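Now for the letters of each chain:
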Amino acid sequence: MTKLLNVTTFSFPTPALFGAGALAELPARGHRLGLRRPLVVTDAGLVSTDAFGALVKTLGEAGRERDWFVYSGVHPNPVEQDVREAGAMFRERGCDGVIAIGGGSALDAGKAARLVVKRPVLDFAKFYDESDWSGLAPFIAIPTTAGTGSEVGRSSVITLAATGRKAVLFHPELLAKLVILDPELTVGLPARLTAATGADALTHCIESYTCPVFHPMCDGIALEGVRLIVEALPRACRSGTDLDARGRMLIAAAMGAVAFQKDLGVVHSLAHPLSTICGLHHGLANALCLVAGMKFCVARKPGLYRRVGISCGLDLMRCPETEADQQTIGFIARFLAALGLNTRLREHGVKAEQLDSLIAQAVDDPCHKTNVVPVSPDDFRSLYLEVL
Ligand SMILES: [Fe+2]
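Let us look at the structure shown here.

Calculation criteria
- Residues numbered from 1 in each chain as written.
- Predicted model: local features only at pLDDT ≥ 70, side-chain atom pairs only at ≥ 80, totals over all residues.
- Heavy atoms only, no water.
- Helix = DSSP H or I, 4+ residues; strand = E, 2+ residues; numbered from the N terminus.
- Buried < 20%, exposed > 50% of the residue type's maximum accessible area, 1.4 Å probe, protein only.
- Contact = heavy atoms within 4.5 Å.
- Donors = N, O, S within 2.8 Å, 3.2 Å for Na, K, Ca; no water.
- Tetrahedral: all angles 85-135°; square planar, octahedral: opposite > 155°, others 65-115°.
- Salt bridge = Lys/Arg side-chain N within 4 Å of Asp/Glu carboxyl O.
- Core = buried A, V, L, I, M, F, W, Y, C linked by side-chain atoms within 4.5 Å.
- Axes fitted to C-alpha atoms, helices over the stretch in contact; angles between N-to-C directions.
- Parallel < 35°, antiparallel > 145°, perpendicular 65-115°, else oblique.
- Left-handed = near helix turned anticlockwise from the far one by under 90°.
- Pairing = 2+ DSSP bridges.

### So, the environment of Gln327
- Checked against the element boundaries, Gln327 lands in helix α12 (residues 321–338).
- The exposure class assigned to Gln327 is partly exposed, which follows from its relative accessible area of 31%.
- Remark: the alpha-carbon pair of Gln327 and Leu316, spanning eleven residues in sequence, is separated by 8.3 Å.
- Setting aside its immediate chain neighbours within four residues, Gln327 contacts Leu314 and Leu316.

Quick look at the structure:
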């Protein structure tokens with residue numbers, strides 16, 4: 001119980017407006033936050049979607065057609081230039097707040113653009129030298145996918161121009177002042193992406209729950225997130241217009257990200273290099289590594305997954321620890337397979353020759369430092385080989 005003696009901060013500070021049609025409240029809510037000339041930050045792909053059309057209609061209907069602006073240059077993995085361009089547009093147009101709409105990349109870029117507004121010559125690599133990030137422009141986050149949970153996160157992952165490496169900018173001031181979770185905005189997401197992004201959220205819940213940091217509130221949120229995903233993700237994939245399933249997935253994705261304030265684990269360290277080196281979608285990469293990662297963890301520390309399994313609907317109250325683990329892992333494997341997420345890495349273009357660089361990046365990745373058991377370079381090799 002010594003962990004209880006540590007002084008810890010528990011915080012869940014993001015107001016979230018949830019429900020089908022919640023977007024309609026954006027003008028009034030934005031106005032209340034001081035947004036008169038917002039900059040909308042998104043990616044080029046989203047501009048042609050119904051979700052973006054709904055945003056245009058909402059902002060237009062408020063009679064402010066000429067008082068909001070769009071930056072739509074965000075890359076799938078946002079780069080420094082995206083953030084600088086959005087920041088420059090913000091200043092040129094005299095904007096007073098940011099509305100980011102889209103997946104995790106658009107939300108991360110929108111979050112970070114406010115830093116450049118405050119410090120136009122900001123060197124991202126020296127982000128942590130700055131002691132005062134107060135007074136950033138207000139930020140509203142509107143996710144159109146249910147996975148990353150970036151909308152409730154206080155970090156932004158940006159690829160640096162000078163080194164090509166990803167910088168994680170982390171500061172409580174980066175948090176959104178308002179999150180709008182409107183399931184109507186996610187109905188256009190194809191089944192394949194719905195499954196992959198949902199698997200990201202599932203991985204957040206499972207990895208944060210088993211992360212050995214004392215945070216019972218996050219643990220409860222993670223387990224309820226698992227329950228919601230197991231129930232709603234198959235429905236959202238089967239029928240994209242099922243607003244109930246879409247809504248539950250949006251909430252579960254936000255819950256997964258709230259839960260991973262605790263941190264994540266080995267699966268995310270396996271997944272990150274698969275995206276940066278091999279171009280795999282982040283959710284898909286997690287999905288393909290999740291079962292192997294879970295097996296790895298319980299082989300060294302049995303008894304991790306009983307409550308995860310119970311959240312999946314399994315009757316595991318009285319069975320031995322190892323059986324509870326095995327049944328849970330078996331359930332997750334079948335669940336992912338039913339969503340078409342049981343393919344091998346090589347089917348997505350990953351080559352054995354890339355193993356060394358994958359392992360090197362995975363070892364450098366911070367997520368496994370908080371895994372429930374230590375992970376060595378040899379462990380990473382075995383894990384990649386298992387799923388290759
Ligand atoms: Fe993730």
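Read on, since the account is not over.
### Some details on the coordination of the iron ion
- Protein coordination of the iron ion is provided by Asp200 (OD), His204 (NE2), His268 (NE2) and His282 (NE2), with donor distances spanning 2.2 Å.
- In this structure, the iron ion is coordinated by four donor atoms arranged in irregular fashion, with angles at the metal of 83 to 168°.
- The sequence pattern describing where the donors of the iron ion fall on their chain is D-x3-H-x63-H-x13-H. Of this pair, His204 sits in helix α6 (residues 191–210) while His268 sits in helix α9 (residues 266–276), and the two are 64 residues apart along the sequence.

### Here we look at the pattern of salt bridges
- The tally for this structure, following the rule as stated, stands at 13 salt bridges.
- Where Arg29 meets Glu25, a salt bridge forms, and the shortest distance between an N and an O atom there is 3.1 Å.
- Residue class for Glu25 comes out partly exposed when judged on its relative accessible area of 37%.
- When the shortest N-O distance is used, the salt bridge between Arg235 and Glu231 registers 3.0 Å. One end of the pair is Arg235 and the other is Glu231, both in helix α7 (residues 216–238) and four residues apart, which spans about a single turn.
- Overall, the relative accessible area of 19% leaves Arg235 in the buried class.
- Overlapping salt bridges, with partners in common, bring together Glu231, Arg235, Asp242, Asp244 and Arg248 in one network.

### Observations concerning the nonpolar core
- Within the largest apolar cluster, 99 residues are counted, with the highest numbers of intra-cluster contacts made by Leu274, Ile332 and Leu336.
- Examining the composition of this core, we find that twelve residues originate from one element, helix α10 (residues 282–300), more than from any other.
- Ranked by size, the runner-up nonpolar core spans 19 residues in total, among them Ala22, Leu23, Leu35 and Ile140.

### Overview of the packing of α6 against α7
- As a packed pair, α6 and α7 sit with axes 9 Å apart at the nearest point and diverge in direction by 160°. Regarding the angle of α6 to α7, the classification is roughly antiparallel. The handedness of the crossing between α6 and α7 comes out as left-handed. Judged by residue contacts, Ala191, Thr194, Ala195, Gly198, Ala199, Ala201, Leu202, Cys205, Ile206, Ser208 and Tyr209 of α6 engage Asp219, Ala222, Leu223, Gly225, Val226, Ile229, Leu233, Ala236 and Cys237 from α7.

### A closer look at the sheet that holds strand β5 (residues 139–143)
- Pairing in this open sheet of six strands is parallel, and the strands run β1-β8-β5-β4-β2-β3 from one edge to the other. Every interior strand has two partners, whereas the edge strands, β1 (16–18) and β3 (69–71), have only one. In this sheet, neighbouring strand axes are inclined to one another by 20° on average, regardless of whether the strands run parallel or antiparallel.
- As judged from the three bridges shared by β1 and strand β8 (residues 178–181), these two strands associate in the parallel manner. Looking at the pairing, Leu17 lines up with Ile180 of β8.
- Against the sheet, helix α5 (residues 104–118) engages β2 (38–41), β4 (97–102) and β5, with an angle of about 170° to β4.

### Structural notes on the pairing of β2
- Going residue by residue along β2, you find Pro38 and Val40 tucked away on one face and Leu39 and Val41 tucked away on the opposite face as well.
- Relative to β4, β2 runs parallel, the two sharing four bridges. If you follow Val41 over to β4, its bridge partner there is Ala100.
- Relative to β3, β2 is paired through three bridges, and the arrangement is parallel. Across the sheet, Val40 pairs through a bridge with Val70, a residue of β3.

### Observations concerning the pairing of strand β7 (residues 166–170)
- Burial along β7 is one-sided: the residues Ala167 and Leu169 are buried and none of Lys166, Val168 and Phe170 is.
- Bridge count between strand β6 (residues 155–159) and β7: five bridges; the pairing is antiparallel. Pairing of Val157 across the sheet is with Val168, part of β7.
- Hairpin connection between β6 and β7: a loop of six residues separates the two successive antiparallel strands, and Gly164 in this loop has a positive phi of roughly 75°.

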